[in-house]
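# Examination of the molecular architecture
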Amino acid sequence: MSTEPDGPVRGWFESASSSEPRESPRESPPAAASPAGPPPALPRRTPGGSRAGGDLPRRDRPVPSPGPPRPAPPHAGAELPKRTPPGAVPGGELPRRTPGASRPAAARQGYGGARPDAPPYAVGAAPQAPGGAPRAVGAAPDAVDGAPQDAGGAPGGIGGGMAYPEVRVARMPAEPGKERPRRRNPVLGHLVFLIVLAAGAGIRAAAVLGYQPALWFWADSFAYVNAGLDPRPMESRPSGYALFLWLMRPFGSFPAVMVAQHLMGLATGVLIYAVIRRRTRLRGWMAALAAAPVLLDAHQVQIEHMVLAESLFTLLVTAAVTLALWRDRPAVWQAGAAGLLLIAASLTRTIGLAVLIVILVMMLIRRVGWRALTAAVMASVVPLAAYAFWFRTAYGDFGLTKSNVFLWSRTMTFADCDRLRPPEDEARLCPTEDLGRRQAAPEYIWSPTSPIRIEGNVPKGTDKNELAGRFARRAILGQPLDFVKAGLEDFARTFKWTPDPYPDPGILDVYRFPRSGTPLPQVAASRGRTAQEIVTEYSGESGELEVNYPYAGWVRDYQDVVLLRGPMIAVILLLGLGGVLVRWRRLGGDVLLPWAAGMTLLMVPPFIAAFDHRYVLPAVPLLCLAAALAFGAGRGSRPGRRRRGSGHGHGYGSGPGGLGTPEIPEGPGLPGGGDDGRAGPGPAPGLRGTVSGG
């Protein structure tokens, strides 16, 4: 057998291996044209690298070695039969289609139809032979129905009519990381939260029907109402809540005020849920679980039903944090609105100033831009300065309150005047009991035996607020460790399973829905006016509590079961702290802001005043939000929502903010003195707190 290549391979090999010079047709001189012949051809362009009349440049690639000859196909030399179209007779005339007539069934099957015995297959599947085995690539397809076949089964002989099996388009898989959008019912996605929200609204409705017109807290409630009758800056607490009561006065009804405060509680839960669903990918039931302590806690419902500032304060702080977290970098209007809400909260309870400092510091660390930061600062400073000027018109000094007495009462639990050696005027405020027999801090405000309450102990004309402030600063600087220890001991009361009877056992009845109502005390409640006089002027009614069953019974039974216990708050707090520590490279991420704000609200009051159960409630929504973000904030925003200003995609980055010393939070005024802090006869010690019954 010859080893020389044949066919096209042989011709290519001979032309590539030939070394004889060839004359390029482009380099040949033009032939002389005859007078009658065509004009002479113009010389063509010489290929680059070749000389006129020389060889063309060769390729530098190696010449392949000749391989063994290819075997001849079995049908070499045989005449290929012509393809017979479907529906035609072999050797006859091609069929013609009548205009207007449909194509024959065989033709339709031959060009896109399917044999009855041929199973369909999807795009990309290997065709099968008549026997069921997979057909080899390049094999001839079977004949269509109606086409002649030879003895061997070939369709119409070799090259006969081809059949195209039925094609079913398979569903293409989605790209990795992308899912096909599905239409979902928007209500079903929030079904669990709607159930929780309805349950919270139901228990609040029962409280409104069961206890009318409202629950009272002596003497804070009446001091607020009295200031709401004639708007003025209050001395022992800011007037934000009093201005709210003034705005609600056209309704002339305390039940309307209670409904508004219950709506505030529901709105707080909605804000928590909205932030969680926007900033995380947590499922709806998990976000609803995070909002449940705000919506379902019986203590929260009971505080909302009292004429106190906590409900308004909680909503304002939660709304400000919501705006700060709605985007990675808040817009200018969001930053300004957050600052405005925080200053409104500060004018409701001065502890809001600490939260304002936290948010401003974190906005600075996040580099939100000078416009957003300026908007937040200006929105905070302008109302704060306006209120300070208003306060000066009433008391002659710039400020928000005159509440140094609360800080002084905090130092009474540890101050040792033998070590401090205060001057003579401050020494009049030293405690008379030994260190092991000291009373609770609030008792030094309420008790008639308190050094600041004893008649003649402080010389006339002396500013008690200024004197108490000087003593408190001396005690804190002289005994800093004792000050920290006293604050931590009160802070630890937050996490007890059974509510701590602090400062006295009667406080536990204050924060429970009463069994029955009692008449209002006929003693001065605020600025020399009795509680009944103040309430009657505001609403036209006496204000005595009416307990209506069975609604009141339902609420009391509910409070015995559904109550946010201290260890539960500790777990929520630790979950948020864990989220902050896990994201330490991003300075806590989204979790740090609500966790730091909640810790501020939870820890500062025991250090600058005293522990109170109602001071814990404003921190609960923020701590629940931080705990939920700890599970989902690391995965970014929800799908389909663009996170503007995210930079490198690390989410919300913030650093720990330094907390300044805020103003002293509001607390109960001095007995008989109401909100002005002046001495007076006052009610009996047992009347402090609620006057709604036991």
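Preceding this section is the structure that the text describes.
Below or above, wherever it landed, is the structure these notes cover. (Residues numbered from 1 in each chain as written. Predicted model: local features only at pLDDT ≥ 70, side-chain atom pairs only at ≥ 80, totals over all residues. Heavy atoms only, no water.)

## Overview of the overall build of the chain
- A tally of regular secondary structure across the chain gives 25 helices and 8 strands.
- Residue burial in the chain is summarised as follows: out of 694 residues, 46% are buried.
- For the chain, the proportion of contacts with a sequence separation of at least 24, taken over those separated by at least 6, is 76%.
- If you sum the accessible surface of the chain, you get close to 36300 Å²; carbon and sulfur atoms cover 59% of it. (Helix = DSSP H or I, 4+ residues; strand = E, 2+ residues; numbered from the N terminus. Buried < 20%, exposed > 50% of the residue type's maximum accessible area, 1.4 Å probe, protein only. Contact = heavy atoms within 4.5 Å. Areas by Shrake-Rupley, 256 points an atom, 1.4 Å probe, with all protein chains shown as cover.)

## Quick notes on the environment of Ile-276
- Structurally, Ile-276 can be placed in helix H6 (residues 254-279).
- Note on Ile-276: relative accessible area 0%, which makes it buried.
- Residues Ile-276 and Ala-626, 350 residues apart in the sequence, show an inter-C-alpha distance of 9.3 Å.
- For Ile-276, the residues in contact, after removing those within four places along its chain, are Leu-282, Ala-287, Ala-290, Leu-625 and Ala-628.

## What to know about the state of the cysteines
- Scanning the entire structure with this criterion turns up 1 disulfide.
- Here Cys-417 engages in a disulfide with Cys-430; their sulfurs sit 1.9 Å apart. Around the S-S axis, the bridge from Cys-417 to Cys-430 shows a dihedral of about -110° and counts as left-handed. Of this pair, Cys-417 sits in helix H14 (residues 417-420) while Cys-430 is found in the loop between helix H15 (424-427) and helix H16 (443-446), placing the two residues 13 residues apart along the sequence. (Disulfide = S-S within 2.5 Å.)

## Quick look at the pattern of salt bridges
- Applying the stated criterion across every chain, the model contains 20 salt bridges.
- Notably, a salt bridge pairs Asp-425 with Arg-470, separated by 3.0 Å at the nearest N-O pair. In this pair, Asp-425 sits in helix H15 while Arg-470 sits in helix H17 (residues 464-478), placing the two residues 45 residues apart along the sequence.
- The residue Asp-500 makes a salt bridge to Lys-496 at a minimum N-O spacing of 3.1 Å.
- You can call Lys-496 partly exposed: its relative accessible area is 41%.
- Three or more residues are tied together by salt bridges with common partners; here these are Asp-220, Arg-237, Glu-310, Arg-349, Asp-612 and Arg-614. (Salt bridge = Lys/Arg side-chain N within 4 Å of Asp/Glu carboxyl O.)

## Section: the nonpolar core
- Ranked by internal contacts, the top residues of the largest apolar core, which has 134 residues, are Phe-222, Tyr-241, Phe-244, Leu-245, Val-307, Trp-408 and Phe-471.
- Sorting elements by how many residues they give to this core places helix H23 (residues 589-608) first, with 12 residues.
- Contact partners of Phe-244, with chain neighbours within four places excluded, come to Val-257, Ala-260, Gln-261, Met-264 and Leu-312.
- Core analysis: the next-biggest nonpolar cluster, separate from the first, contains 19 residues, Phe-217, Met-306, Leu-545 and Val-555 among them. (Core = buried A, V, L, I, M, F, W, Y, C linked by side-chain atoms within 4.5 Å.)

## What to know about the packing of aromatic side chains
- According to the stated counting rule, one finds 18 aromatic pairs in the structure shown.
- The interplanar angle of 85° and the centroid separation of 4.9 Å between the aromatic rings of Phe-389 and Phe-398 together place this pair among those described as edge-to-face. Phe-398 carries the same exposure label as Phe-389, and that label is exposed.
- Grouping aromatic residues by their ring pairs yields a cluster made of Trp-216, Trp-218, Phe-222, Phe-254 and Tyr-538.
- Lying over the aromatic face of Phe-313, Arg-349 brings its terminal NZ or CZ to 5.2 Å of the ring centre.
- Here the guanidinium or amino end of Arg-614 rests over the ring plane of Phe-217, the centre of that ring lying 4.8 Å away. (Phe/Tyr/Trp six-rings, centres within 6.5 Å; stacked < 30°, edge-to-face > 60°. Lys NZ or Arg CZ within 6 Å of the ring centre and 35° of its normal.)

## Some thoughts on a nonpolar patch on the surface
- Together, Leu-188, Leu-191 and Ile-195 give the surface a local cluster of nonpolar side chains, amounting to about 310 Å² of exposed area.
- Structurally, the position occupied by Leu-191 is in helix H3 (residues 191-210).
- Under the relative-accessibility criterion, Leu-191 is labelled partly exposed at 41%. (Patch = residues over 30% accessible without salt bridge, like charges linked within 9 Å, V, L, I, M, F, W, Y side chains within 5 Å.)

## Comments concerning the packing of H6 against helix H9 (residues 310-325)
- Packing of H6 against H9 leaves a shortest axis separation of 9 Å and a crossing angle of 20°. When the axis of H6 is compared with that of H9, the two are roughly parallel. Pair H6 / H9 crosses with left-handed handedness. Judged by residue contacts, Gln-261, Met-264, Ala-267, Thr-268, Leu-271, Ile-272, Val-275 and Arg-279 of H6 engage Ser-311, Leu-312, Thr-314, Leu-315, Thr-318, Ala-319, Thr-322 and Leu-325 from H9.
- For the contact of H6 with H9, a count of residues per class yields 9 nonpolar, 6 polar and 1 charged. (Axes fitted to C-alpha atoms, helices over the stretch in contact; angles between N-to-C directions. Parallel < 35°, antiparallel > 145°, perpendicular 65-115°, else oblique. Left-handed = near helix turned anticlockwise from the far one by under 90°. Nonpolar A, V, L, I, M, F, W, Y, C, P; charged D, E, K, R; others polar.)

## A closer look at the side chain of Asp-297
- Along the chain, Asp-297 falls in the loop between helix H7 (284-296) and helix H8 (298-304).
- One buried charged residue, Asp-297, forms no salt bridge at all, with the nearest opposite charge on Arg-565 at 8.3 Å.
- Setting aside residues up to four positions removed in sequence, Asp-297 forms contacts with Ala-292, Val-562, Leu-563, Leu-564 and Leu-617. (Lys, Arg positive; Asp, Glu negative; His and termini not counted.)

## Here's the deal with H9
- For H9, spanning 16 residues, the distance from its first C-alpha to its last is 22 Å, which sits close to the expected 22 Å at 1.5 Å a residue.
- Of all 16 residues in H9, 16 are buried, a share of seventy percent or more. (Expected span 1.5 Å × (residues − 1).)

## What to know about unusual backbone geometry
- Here the amide bond leading from Tyr-502 into Pro-503 is cis, since omega sits at 10°, within 30 degrees of zero.
- Note on placement: Pro-503 falls in the loop between helix H18 (480-492) and helix H19 (507-510).
- Cis peptide bonds are those with omega within 30 degrees of zero, and the linkage from Tyr-549 to Pro-550 qualifies with 10°.
- Relative to the helices and strands, Pro-550 is located in the loop between strand E7 (546-547) and helix H21 (551-561).
- A positive phi angle is found at Arg-421, which is not glycine, with a value near 50°.
- One non-glycine residue with positive phi stands out, namely Arg-527, at about 55°.
- Relative to the helices and strands, Arg-527 resides in the loop between strand E5 (524-526) and strand E6 (529-530).

## Remarks on helix H11 (residues 352-366)
- Between its first and last C-alpha, H11 extends 21 Å over 15 residues, near the 21 Å set by a 1.5 Å rise per residue.
- For H11, the tally of buried residues reaches 11 of 15 residues, placing the bulk of the element in the interior.
- Where H11 is buried, its residues touch H9, helix H10 (332-346), helix H12 (370-395) and H23.
- With its phi angle positive at about 55°, Arg-367 sits one or two positions after the end of H11.

## Concerning the packing of helix H13 (residues 404-411) against H23
- Running from amino to carboxyl end, H13 crosses H23 at an angle of 80°, the nearest separation of the two axes being 7 Å. The angle between H13 and H23 falls in the class roughly perpendicular. In this structure, H13 contributes Phe-406, Leu-407 and Arg-410 to the contact, and H23 contributes Pro-606, Phe-607 and Ile-608.
- Partitioning the contact of H13 with H23 into residue classes produces 5 nonpolar, no polar and 1 charged.

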